[in-house]
Amino acid sequence: MKIIDIKTLKNEYKIDIWTSTQIRQFQKQLLDWYDEHQRLLPWRENKDPYRIWISEIMLQQTQVDTVIPYFNHFMEKFPSIYKLAEASKEEVLKAWEGLGYYSRAANLHIAAQQVIENYEGKMPNSFDELQTLKGIGPYTAGAIASMAFNQKVPAVDGNVMRVVSRLFEIDLDIKRPKNFKVFFSVVYHLLDEKRPGDCNQALMDLGATIMTPKASRPDLSPVKAFDASYLNESWEHYPVVAKAKAPKLIRKWAIVVKNEDGQYLLEKRPDNGLLANMWTFPLVAENDLQKSKDGKIAKMFNDTLDITDEFEKIKAFMLENYSINIHLENDIVHHVRHIFSHLVWEILMINTTTNATNTPQNCEWTAADKFGQYAFPAVQTKLIQALTEHIQTTLF
DNA sequence: AATACGTGGGC
DNA sequence: TGCCCAAGTAT
């Protein structure tokens, strides 16, 4: 057994790697399987670096089935890197609406301009240069370099770490950044000289379809003879992954304000942080309101009964921060819960009206039939849905 | 290094 | 229902 001594990588972890002959056999088994069973995906139709790049950004922490329609639409809308670079931020964000992790869209737009500025519109082909582009880290650089430019570079994502952790029974926490280089090094040793990109994709497809997180079927794997966790029946212990901490609960009011022209007040979020540059109804954090001593707001979120007292605070808040005077339209309070990866919004939504004609900072007045022009996050879509159901209900 | 950053699907 | 998961990156 040859041993990869990861100490050379400033890490004391050692892994027994296979002989050169075994590695060649592994590659053949893997690539033969890939040639027959690879998934047919829009971005695999050719090796256009632009298409591969866009797909890789969309696929970050996002499932293939979710990405496919976004990818096809994005390619129609921005068929080349020049079209993307020339587009407005708003257009790109709109194309990303509902996909999540919206900084990816902003970074993609910037990176397109970087490529035009620094590389005459042609994607750089090296692992290092690719990582100078916004939104491209080690995984995506490896993916583009290997798949589009046939460079022998690992593309180590969650699938690959899971597969490799099982093949070699590596008990390192895949969530810890310091362990990434171990997997990177192992994968490098497994890559075929001629088809590094296909090797990377084969490992990913294997992880996505056979060596899955749950209901794994290592008995169906084309490389089961090389799979230590299969031979030792230990695959359920791999990969080792730290448990995510519980999301933080945040309570908010969503203030739906309708003016005398039937338009709604929409607000654009700041251009950094959560849901950057996306549009929502004005959202007021519980902490932004003056808290009553008896903790009445917190109680409200459980009971959603009489909001008269709290509404006085909201009314004052809107007057001070938005310079509009609102009136409670009815006492119906919608309760909407939205779960992010790292926090939970508990939202109470109320209907109000105003005769104000001013347009507050970062806001626009918009008729409901024009909502499609704005990039809405899922939570806003949820709020509108609740509002729509209410309006339909009250018609009867 | 640890945390922020979305969403939808599966069981 | 609640929790885990899915082709990570920026800071």
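Residues numbered from 1 in each chain as written. Chains lettered and ligands numbered in written order. Predicted model: local features only at pLDDT ≥ 70, side-chain atom pairs only at ≥ 80, totals over all residues. Heavy atoms only, no water.

## Structural notes on the domain arrangement of chain A
Phase 1: What the domain assignment reports for chain A is domain 1 (2–237) and domain 2 (248–394).
Phase 2: On the domain 2 side, the residues contacting the eight residues of domain 1 number 13 residues.
Phase 3: On the domain 1 side of the contact with domain 2, L93, K94 and Y102 bury the most area, a combined 57% of that side's loss.
Phase 4: Where domain 1 meets domain 2, there are one salt bridge. (Domains from an automatic or database assignment. Contact = heavy atoms within 4.5 Å. Buried area = accessible area lost by both parts, 1.4 Å probe. Salt bridge = Lys/Arg side-chain N within 4 Å of Asp/Glu carboxyl O.)

## Observations concerning the pairing of strand 7 (residues 326–339)
Phase 1: Where strand 7 meets strand 8 (residues 343–354), 10 bridges bridge the pair, whose relative direction is antiparallel. Bridge assignment links I339 to a residue of strand 8, and that residue is V344.
Phase 2: Between the end of strand 7 and the start of strand 8, which pair antiparallel, lie three residues. (Pairing = 2+ DSSP bridges. Helix = DSSP H or I, 4+ residues; strand = E, 2+ residues; numbered from the N terminus.)

## Section: the packing of aromatic side chains
Phase 1: Counted according to the given criterion, the structure contains 18 aromatic pairs.
Phase 2: Here the aromatic rings of W18 and F168 are separated by 4.7 Å at their centres, their planes lie at 25°, and the arrangement is stacked. Of this pair, W18 sits in the loop between strand 2 (14–17) and helix 1 (20–37) while F168 is found in the loop between helix 9 (158–167) and helix 10 (180–190), placing the two residues 150 residues apart along the sequence. A single burial state applies to W18 and to F168, both of which are buried.
Phase 3: Their ring planes at 10° and their centres at 6.2 Å tell us that Y374 and F376 sit as a pair that is stacked.
Phase 4: Residue class for Y374 comes out buried when judged on its relative accessible area of 8%.
Phase 5: With a relative accessible area of 6%, F376 lands in the buried category.
Phase 6: Every member of this aromatic cluster is reached through a ring pair, and the members are Y264, W279, F281, F371, Y374 and F376.
Phase 7: In this structure, K152 packs its charged tip against the face of Y188, placed 4.6 Å from the ring centre.
Phase 8: The ring of W345 has K252 lying over it, and the distance from NZ or CZ to the ring centre is 5.0 Å. (Phe/Tyr/Trp six-rings, centres within 6.5 Å; stacked < 30°, edge-to-face > 60°. Buried < 20%, exposed > 50% of the residue type's maximum accessible area, 1.4 Å probe, protein only. Lys NZ or Arg CZ within 6 Å of the ring centre and 35° of its normal.)

## Details of the protein's contact with DNA strand C
Phase 1: As a structural note, the neighbourhood of DNA strand C is formed by 25 residues, with L59, G135, D157, N159 and P213 the closest of them.
Phase 2: Near-protein atoms of DNA strand C (within 4 Å) split between backbone and bases, with sugar and phosphate holding 70%.
Phase 3: For DNA strand C, a base nitrogen lies 3.4 Å from a polar atom in the side chain of E56.
Phase 4: Secondary structure elements with two or more residues in the surface near DNA strand C: helix 2 (49–59), helix 8 (138–149) and helix 9.
Phase 5: When grouped by side-chain class, the residues that make up the surface near DNA strand C number nine nonpolar, nine polar and seven charged. (Near = heavy atom within 4 Å. Polar contact = N/O pair within 3.5 Å; in protein donor to acceptor, adjacent residues only side chain to side chain. Nonpolar A, V, L, I, M, F, W, Y, C, P; charged D, E, K, R; others polar.)

## A word on the pattern of salt bridges
Phase 1: Under the defined criterion, the tally for this structure stands at 14 salt bridges.
Phase 2: A salt bridge links K313 to E310, with the nearest nitrogen and oxygen atoms 3.5 Å apart. One end of the pair is K313 and the other is E310, both in helix 14 (residues 308–322) and three residues apart, which spans about a single turn.
Phase 3: Counted as one network, the salt bridges with shared partners bring together D35, R195 and D198.

## Structural notes on the packing of helix 3 (residues 64–77) against helix 5 (residues 89–96)
Phase 1: Contact geometry of helix 3 with helix 5 gives a least axis separation of 10 Å together with a crossing angle of 155°. Regarding the angle of helix 3 to helix 5, the classification is roughly antiparallel. Taken as a pair, helix 3 and helix 5 cross one another with a handedness that is right-handed. Contacts between helix 3 and helix 5 involve Y70, H73, F74 and K77 on the former and, on the latter, E91, V92, A95 and W96.
Phase 2: Of the residues assigned to the contact of helix 3 with helix 5, the class counts are five nonpolar, one polar and two charged. (Axes fitted to C-alpha atoms, helices over the stretch in contact; angles between N-to-C directions. Parallel < 35°, antiparallel > 145°, perpendicular 65-115°, else oblique. Left-handed = near helix turned anticlockwise from the far one by under 90°.)

## Some words on the protein's contact with DNA strand B
Phase 1: Surrounding DNA strand B, one finds 21 residues, the nearest of these being Y102, L274, L275, H338 and A378.
Phase 2: Of all atoms in DNA strand B that approach within 4 Å of the protein, 62% are sugar or phosphate atoms.
Phase 3: At 3.0 Å, a backbone N or O of Y101 approaches a sugar or linking oxygen of DNA strand B.

## A short note on the packing of helix 9 against helix 10
Phase 1: One can describe the packing of helix 9 onto helix 10 by two numbers: an axis separation of 10 Å at closest approach and a directional angle of 75°. Classified by the angle their axes make, helix 9 and helix 10 are roughly perpendicular. Together, V160, M161, V164 and S165 of helix 9 and F183, V186 and V187 of helix 10 make up the contact between the two elements.
Phase 2: For the contact of helix 9 with helix 10, a count of residues per class yields six nonpolar, one polar and no charged.

## Digging into the nonpolar core
Phase 1: W53, I54, F74, L84, F168 and F281 are the most contacted members of the largest nonpolar core, which totals 103 residues.
Phase 2: Residues contacting L84, with those up to four places away along its chain left out, are Y50, W53, I54, F74, F78, V92, L108, H109 and A112.
Phase 3: Counting 20 residues, the second-largest nonpolar core is a separate cluster that includes I307, F317, A356 and C363. (Core = buried A, V, L, I, M, F, W, Y, C linked by side-chain atoms within 4.5 Å.)

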